[in-house]
Amino acid sequence: MPNNQDSVYSQVGDLTEETLQKLERSGLRMTVQRRHIIDILTKSQCTSPKELWYEARRYVPDLGIATVYRLINRLEQIGVLAKTRNLGLTHVEPKLGVISNSEGQIVRTRARLELSELVRLGLISSGVIGHNNKIELSLVGENVNIVITS
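Note that the structure is predicted; figures quoted are calculated from it, not measured.

**Re the overall build of the protein chain**
Along its length, the protein chain carries 5 helices and 4 strands. Seen in sequence order, the protein chain has helices and strands lined up from the N terminus as β-α-α-α-α-β-α-β-β. Burial status across the protein chain gives 31% buried among its 150 residues. Relative to all contacts within the protein chain whose residues are 6 or more apart in sequence, the contacts with residues 24 or more apart total 50%. Of the roughly 9800 Å² of accessible surface on the protein chain, 48% is carried by carbon and sulfur atoms.

Structural data, given as C-alpha cells:
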C-alpha cells in the first residue's frame, strides 16, 4: 500500500500470504472477490468503502458492498488494517474551529457562527443556491460533502 498522506487506510501489518492465512484462520474463506479487494487496497487510494466497491466491481461485477465492509472489518479485527480517517461509515458533521488572522490572532465575532451557515451564505453569494435552500454538511475523510435541500 502506498505510504502516503492521502491514503485512507494505514496498514498495521503486511497484506501478504501470511495475512491471507490469518484471514482464513479467523473463519473468513479467501474468495476471488476478497483477493481482488485486498489487491485494490494495496494499490489504490480509495476514500471510502463505496469507492473500493466500485473499483473492485470492475474485476468482479457481482461483488456486493457488504462483502467489502465485512472484509474491512475483519482486516481491522486481525490487526492488518486501521482506518486513519472517517470513511463515511458514520455521519460526522464538521464543526467550525477557530477563525484567526495571518498573525494567528483569533478573530472575534459578534454571534456564534456555525460552519454550515457560513458555507450556505457563501453558496448563496456565489449563486450556487437560493436563499430558501438549506444545506447539510458531512465529513468523509478530509472532504466536506454538501447536500442541498429545499
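Having seen the structure, we can now continue with the description.
**So, helix α5 (residues 115–125)**
Burial in α5 covers these residues: L115, R120, L123 and I124. Among the residues trailing α5, G127 stands out with phi positive, at a value near 80 degrees.

**A word on the pattern of salt bridges**
For the structure on display, the rule yields 3 salt bridges. Ionic pairing is found between E114 and R112, a salt bridge with its closest N-O pair at 3.1 Å. Residue classification places R112 among the exposed positions, given a relative accessible area of 75%. Put simply, R120 and E117 hold a salt bridge, and the shortest N to O gap is 3.1 Å. Taken as a pair, R120 and E117 lie in helix α5 at a separation of 3 residues, close to a single helical turn. Judged by relative accessible area, which is 17%, R120 ranks as buried. Overall, the relative accessible area of 32% leaves E117 in the partly exposed class.

**Things to note about the confidence of the model for the protein chain**
Summary statistics for the protein chain give a mean pLDDT of 77 and a share of 78% for residues scoring 70 or more. Taken element by element, the protein chain is modelled with least confidence in strand β1 (residues 9–11), mean pLDDT 46, and with most confidence in α5, mean pLDDT 93. Below pLDDT 50 for its whole length, residues 85–89 participates in 20 contacts with residues either more than four positions away or in separate chains.

**Concerning the nonpolar core**
The biggest cluster of nonpolar side chains holds 20 residues, and the ones touching the most others in it are L23, I37, L52 and L75. Mapped by element, the contributors of at least two residues to this core are α1 (17–25), α2 (32–43), α3 (49–57) and α4 (65–77). Formed by 6 residues, the second largest nonpolar core is a distinct cluster that contains L115, I124, I135 and L137.

**Notes on the packing of α2 against α3**
As a packed pair, α2 and α3 sit with axes 10 Å apart at the nearest point and diverge in direction by 115 degrees. The interaxial crossing formed by α2 with α3 has right-handed handedness. Counting all contacts with α2, which are made through I37, I40 and L41, the residues of α3 involved are L52, E55 and A56. In terms of residue class, the contact of α2 with α3 is made up of 5 nonpolar, no polar and 1 charged.

**Section: the packing of aromatic side chains**
Scanning all chains against the criterion turns up 1 aromatic pair. A centroid spacing of 5.2 Å and a plane angle of 35 degrees characterise the contact between W53 and Y54, whose relative ring orientation is tilted.

**Considerations on the layout of surface pockets**
The space that makes up the largest pocket amounts to roughly 210 Å³. Forming the boundary of the largest pocket are 14 residues, of which L96, G97, R112, L113 and E114 lie nearest the centre. In the lining of the largest pocket, the residues fall into 7 nonpolar, 3 polar and 4 charged.

Analysis parameters
- Residues numbered from 1 in each chain as written.
- Predicted model: local features only at pLDDT ≥ 70, side-chain atom pairs only at ≥ 80, totals over all residues.
- Heavy atoms only, no water.
- Helix = DSSP H or I, 4+ residues; strand = E, 2+ residues; numbered from the N terminus.
- Buried < 20%, exposed > 50% of the residue type's maximum accessible area, 1.4 Å probe, protein only.
- Contact = heavy atoms within 4.5 Å.
- Areas by Shrake-Rupley, 256 points an atom, 1.4 Å probe, with all protein chains shown as cover.
- Salt bridge = Lys/Arg side-chain N within 4 Å of Asp/Glu carboxyl O.
- pLDDT = per-residue confidence, 0-100.
- Core = buried A, V, L, I, M, F, W, Y, C linked by side-chain atoms within 4.5 Å.
- Axes fitted to C-alpha atoms, helices over the stretch in contact; angles between N-to-C directions.
- Left-handed = near helix turned anticlockwise from the far one by under 90°.
- Nonpolar A, V, L, I, M, F, W, Y, C, P; charged D, E, K, R; others polar.
- Phe/Tyr/Trp six-rings, centres within 6.5 Å; stacked < 30°, edge-to-face > 60°.
- 1 Å grid on protein atoms, 1.4 Å probe; cavity = no way out; pocket = protein on both sides within 12 Å on 5 of 7 lines; lining within 4 Å.
- Points joined across faces, edges and corners; volume = space filled by probe spheres on them.

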